[in-house]
Amino acid sequence: MSEPVQTPQTFPTRIFSGIQPSGGLTLGNYLGALKRFVQKQDEGIETIYCIVDMHAITVWQDPAKLRQQTRELAAGFIAAGIDPARSILFNQSQVSAHVELGWIFNTVARMGWMSRMTQFKDKAGKNSENVSLGLFAYPALMAADILAYKATHVPVGEDQKQHLELTRDIAAKFNNDYGVNFFPITEPVIEGAGTRVMSLRDGTKKMSKSDPSDQSRINLTDDTDTIAKKFRKAKTDAEPLPEDLEGLKDRPDARNLVNIYAALADMTPAAVVTQYAGAQFGTFKPALADLAVAKLSPITRKMSELMQDTAEIDRILGAGAARANAIARPIVDEVYDIIGMIRSRQV
């Protein structure tokens, strides 16, 4: 007999998001993710934030570096303002429900769905025959990350929106296949001026830690002088700032700097343009550099302090994993019941 169909109102609002511990946190990670995570935490919504180390190993990782990068990312979360007492912060591999549900979703997802994932095509390139099966299948694990907590909302960048659409397809197919309304149809949360921070050397490309030029990005470990110099040398054009946003339409480098200023200052890009209308970049870039230093240097200092005590970071991640498991374990156990798995019962 099928489980009774639930109404959407049975799903409490719950936010989940994760970041890979691939090393080298940038301004893009802060404005596009960490800053927004803190804002959601401060709205009083239940928030679960995960360091997705199982995703990281879809390409080979040096074990020592993976441990270091996982701890550094945890330090970045905390330094940016995530409070482990108010949000759940943990690393994915400590909660086995993720990989268990990920396997089940491998049987729900269709090959055609996975083949259309553009990120796999971008990462695999012409070498698709030699990359790991995990790189191809990891969107199903991403769906499991989200749905193991019945998360209703996920802050994502534009580059992950397709994977969230796949999560919605998997949830809908599971519900339909088994005649239940067990999983929510998760909504993406894409908002704010800084959701996609572009390179300081090329405003048409995303800021990336993998860019060969360190001048293309602001690292959260950069000192104040380095941050200031990178912004002063950021690529712009010869025109002054316009009087309205329409004037930035075909000026990607200028638009990027305006968006960064807006995100750091909690302003709209329109308000920034109004404030600096007619200003040359010789005026605007130093102002942006000063703002960035004021906002980022406390985070850099806090990260450095936290990394002096990695045992405490490990303790925080372990405590977060225990809290995460308390939510995910019953959900995954119920999935086993729904699909017909015989499970031993503890008396």
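All residue numbers here refer to positions counted from 1 along the written sequence of the relevant chain. Reporting of local features is limited, given that this is a predicted model, to residues whose pLDDT is at least 70; pairs of side-chain atoms are given and counted only at 80 or more, and all residues count toward the totals for whole chains, interfaces and linings. Side-chain calculation: all heavy atoms of the structure are included, whereas hydrogens and water are not.

Right, let's talk about the environment of Gly-203 for a bit. Considering the arrangement of structural elements, one finds Gly-203 in the loop between β5 (187-189) and α9 (224-232). In the structure, Gly-203 is positioned 51 residues away from Ala-254 in sequence and 7.8 Å away in space, judged by C-alpha atoms. By the convention used here, residues are in contact when the closest approach between their heavy atoms is within 4.5 Å. Among residues more than four places away in sequence, those in contact with Gly-203 are Met-198, Pro-252 and Asp-253. The way it works is that DSSP assigns letters per residue, a run of H or I at least four long becomes a helix, a run of E at least two long becomes a strand, and they are numbered from the N terminus.

Angle between the axes and distance between the axes are the two parameters that describe a pair of packed helices. Where helix α1 (residues 27-42) meets helix α3 (residues 63-80), the axes come as close as 9 Å, and the angle between the chain directions of the two elements is 55°. Relative to α3, the element α1 is oriented oblique. For the pair α1 and α3, the crossing hand works out as right-handed. For the pair α1 and α3, the contacting residues are Tyr-30, Leu-34, Phe-37 and Val-38 in the first and Gly-76, Phe-77 and Ala-80 in the second. When residue character is reported, Ala, Val, Leu, Ile, Met, Phe, Trp, Tyr, Cys and Pro are called nonpolar, Asp, Glu, Lys and Arg charged, and the others, Gly included, polar. Counted by class, the contact of α1 with α3 contains six nonpolar, one polar and no charged residues. Between N-to-C directions, angles span 0 to 180 degrees; the directions come from axes that are lines fitted to C-alpha atoms, helices contributing only their stretch in contact. For classification purposes, angles smaller than 35 degrees are called roughly parallel, those larger than 145 roughly antiparallel, those between 65 and 115 roughly perpendicular, and all remaining angles oblique. For any helix crossing, the convention is left-handed if the near helix is rotated counterclockwise from the far helix by under a right angle, and right-handed if that rotation is clockwise.

Now for the pattern of salt bridges. A side chain of one charge can pair with a side chain of the opposite charge when the charged atoms of the two come close. For this document, the term salt bridge refers to a Lys or Arg side-chain nitrogen within 4 Å of an Asp or Glu carboxyl oxygen. For the structure shown, the criterion picks out 16 salt bridges. We note a salt bridge from Asp-83 to Arg-86, for which the minimum N-O separation is 3.5 Å. Classification of Asp-83 as partly exposed rests on a relative accessible area of 29%. We note a salt bridge from Asp-214 to Lys-230, for which the minimum N-O separation is 2.9 Å. Of this pair, Asp-214 sits in the loop between β5 and α9 while Lys-230 sits in helix α9, placing them 16 residues apart in sequence. Between buried and exposed lies partly exposed: a residue is buried under 20% and exposed over 50% of the maximum accessible area for its type, with that area taken using a 1.4 Å probe on protein chains only. Classification of Asp-214 by relative accessible area gives partly exposed; the value is 33%.

Once that is clear, we can look at a positive patch on the surface. Taken together, the side chains of Arg-201, Lys-229, Lys-233 and Lys-235 present a region of like positive charge at the surface. In this fold, Lys-235 is placed in the loop between α9 and α10 (252-265). Two distance rules govern patches: like charges are joined within 9 Å, and nonpolar side chains (Val, Leu, Ile, Met, Phe, Trp, Tyr) within 5 Å, applied only to residues with over 30% relative accessible area and no salt bridge. Methods summary: accessible areas were calculated by the Shrake-Rupley approach with a probe of 1.4 Å, and residue burial reflects only the protein chains presented. Here the positive residues are Lys and Arg and the negative ones are Asp and Glu; neither His nor the chain ends is included. Throughout, a charge is located at the NZ atom of Lys, the CZ atom of Arg, the CG atom of Asp or the CD atom of Glu.

We now examine empty space enclosed by the protein. Over the atoms a probe the size of a water molecule is rolled, and this reveals where empty space is left. Using only the protein atoms, space was sampled on a 1 Å grid; points where a 1.4 Å probe fits but cannot get out form cavities, open sets with protein on both sides within 12 Å along at least five of seven lines form pockets, and lining residues are those with an atom within 4 Å of a point. Grid points are joined across faces, edges and corners, and a volume is the space filled by probe spheres set on the points. As enumerated under the stated definition, the model contains one cavity of 30 Å³ or more in all. In this structure, the largest cavity is lined by Ile-19, Gln-20, Pro-21, Ser-22, Gly-23, Gly-24, Leu-25, Asn-29, Gln-69, Glu-72, Leu-73 and Lys-209. Here the element with the most residues in the lining of the largest cavity is α3; it accounts for three residues. The class makeup of the residues in the lining of the largest cavity is four nonpolar, six polar and two charged.

A grouping of Glu-243, Asp-244, Glu-246 and Asp-250 is seen on the molecular surface, where their side chains present a negatively charged patch. One can find Glu-246 in the loop between α9 and α10.

Below, the discussion takes up the pairing of strand β3 (residues 88-91). Burial along β3 is two-sided: Ile-88 and Phe-90 facing one way and Leu-89 and Asn-91 facing the other are all buried. For two strands to be treated as a pair, DSSP must find at least two bridges joining them. Examined bridge by bridge, strand β2 (residues 46-51) and β3 share four bridges and lie parallel to one another. Across the sheet, residue Ile-48 finds its bridge partner in β3, namely Ile-88.

Every buried residue of α9 is listed here: Ile-227, Ala-228, Lys-230 and Phe-231. All buried residues of α9 fall inside an arc of 165° around its axis, so they share one side. Facing away from the buried side of α9, by more than 90 degrees, are the exposed residues Asp-225 and Lys-229. Contact partners of the buried residues in α9: α1, α10 and α12 (281-306). Arc definition: directions from the helix axis to the C-beta atoms.

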